[in-house]
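# Per-entry structural report
Now for the letters of each chain:
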Amino acid sequence: MLARKLIIGNWKLNGSLNANRDLLKGLLDAIPHIQPRLSAIEWVVCPPAVYLSQVQELLSGSEMQWGAQDLSNEQKGAYTGEISAHMLLEFGCRYALVGHSERRSKFTESSALIASKAITALEAGLTPVICVGESLADRESGNTWNVLSEQLDPLLALLNPGTMNRIVIAYEPLWAIGTGRNADGVTAQETHAFIRNKLAQVDLACAAEVSILYGGSVKAANASEYAAQSDVDGVLVGGASLVISEFLEIGKAFQASLGE
Ligand code: PGA
């Protein structure tokens, strides 16, 4: 069980200058005053890229970090619409999500492309949060381990063992994202253990240090179920990250799991 828990809010295609300001102000006002202090929690928000400048301005010097929802695997040039790792670093990003299931399914991103994005982020000094997850049909037909292996193998083939502890994996079953139907804690634990074992095939020691997050309909009411699992090192939160009280309670559940 890692001593520091990662709570990442994925805002997806939501937000406005006013709404972002209210949300972040609410979080910034509350976080330093929560007792006991949430010292073991790393809070991160991933806004749409056009708001990174605003988020940087509001969060610089605070206890919160921010990241991008995606990045290009290219550095520069004729790639209309893309955003590079270097650009994200200029706006203070520490994290970049890659391979979110909505990128995989709605924008047909392959596991090979996602692996390449993750390596690009790593090499630039960003922490890639690589999302993986199976469909309901795959889960029900006992195909989950195959799907997760297909998604992870291209990444593992490119990863330099020494840098593996700088990645984050987010396990997000497709059937749980935005559906209100979350995976139970036991399912999450079992799947995270499978993922950690796969990482251990590359580097046993580093695998123990990789944060593996659960995502999919996480909210205040179910966060402690995940926090109680030894291989769940935090959560990637969509809808509930847009609600101040929900996001705070999720962090508190993880802090409580550490006995603090
Ligand atoms: P959700 O989204 O929490 O709204 O289910 C999670 C995600 O897609 O990262």
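Our structure's up above, just so we're on the same page.
Bear in mind that the values here come from a model prediction, so they are computed numbers and not experimental data.

### Remarks on the nonpolar core
- Core analysis: the largest hydrophobic core is formed by 66 residues, its most contacted members being Val45, Leu155, Ile167, Ile169, Ile195, Leu199 and Tyr214.
- Looking at which element gives the most residues to this core, the answer is helix α5 (residues 111-124), with 6 residues.
- Residues contacting leucine 155, with those up to four places away along its chain left out, are Ala115, Ala118, Ile130, Ile167 and Ile169.
- Core analysis: the next-biggest nonpolar cluster, separate from the first, contains 12 residues, Leu6, Val44, Cys46 and Leu213 among them.

### Looking at the site of the ligand
- Around the ligand sit 13 residues, and of these Lys12, His100, Glu172, Gly178 and Ser217 come closest.
- Serine 217 is positioned such that a nitrogen or oxygen atom in its backbone is 2.8 Å from an oxygen atom of the ligand.
- Between the ligand and the protein, one listed contact pairs an oxygen atom with a backbone N or O atom of glycine 239 at 2.9 Å.
- Across the complex, the protein chains shield 94% of the 280 Å² of accessible surface that the ligand would expose by itself.
- Within the shell around the ligand, the residues separate by chemical class into 4 nonpolar, 7 polar and 2 charged.

### Considerations on the sheet that holds strand β7 (residues 211-215)
- With respect to topology, 8 strands assemble into a closed barrel ordered β1-β2-β3-β4-β5-β6-β7-β8, the strand pairing being parallel. Across the sheet, the axes of successive neighbouring strands diverge by a mean angle of 25°, strand direction being ignored.
- Bridge count for strand β4 (residues 95-98) against strand β5 (residues 127-132) is 4 bridges, and the pairing is parallel. Within β5, the residue paired with tyrosine 95 across the bridge is threonine 127.
- Contacts between helix α2 (residues 52-59) and the sheet are confined to β2 (41-46) and β3 (64-68), with β3 contributing the most and set at about 170° to the helix.
- Across the sheet, helix α11 (residues 244-257) is in contact with β1 (5-10), β2 and β8 (234-237); its angle to β2 comes to roughly 150°.

Cut-off values and rules
Numbering of residues starts from 1 in every chain and runs along the sequence as written. Local features in this predicted model are restricted to residues whose pLDDT is 70 or higher, and side-chain atom pairs enter the listing and the counts only when it is 80 or higher, whereas totals over whole chains, interfaces and linings include all residues. Hydrogens and water molecules were not included; the side-chain quantities draw on all heavy atoms of the structure. In this description, a nonpolar core means a group of buried Ala, Val, Leu, Ile, Met, Phe, Trp, Tyr and Cys residues linked to one another through side-chain atoms lying within 4.5 Å. The cut-offs for exposure are 20% and 50% of the maximum accessible area for each residue type, with area from a 1.4 Å probe on protein chains only; residues under the lower value are buried, those over the upper are exposed, and the others partly exposed. Strands here are runs of E lasting at least two residues and helices are runs of H or I lasting at least four, both read from the DSSP assignment and numbered beginning at the N terminus. Throughout, a residue-residue contact means that at least one pair of heavy atoms, one from each residue, lies within 4.5 Å. Near, as used in this document, describes a residue that has one of its heavy atoms within 4 Å of the molecule or strand being considered. Under this definition, polar contacts are N or O atom pairs within 3.5 Å; protein pairs additionally need one hydrogen-donor-capable and one acceptor-capable atom, and for neighbouring residues in sequence, both atoms have to be side-chain atoms. Throughout, the Shrake-Rupley method with a 1.4 Å probe supplies accessible areas, and for residues the shown protein chains are the sole cover considered. Each residue gets one label: Ala, Val, Leu, Ile, Met, Phe, Trp, Tyr, Cys and Pro are nonpolar, Asp, Glu, Lys and Arg are charged, and the others, such as Gly, are polar. Note on pairing: DSSP must find at least two bridges between two strands before they are called paired. Angles run from 0 to 180 degrees between N-to-C directions of axes, and those axes are lines fitted to C-alpha atoms, restricted for helices to the stretch in contact.

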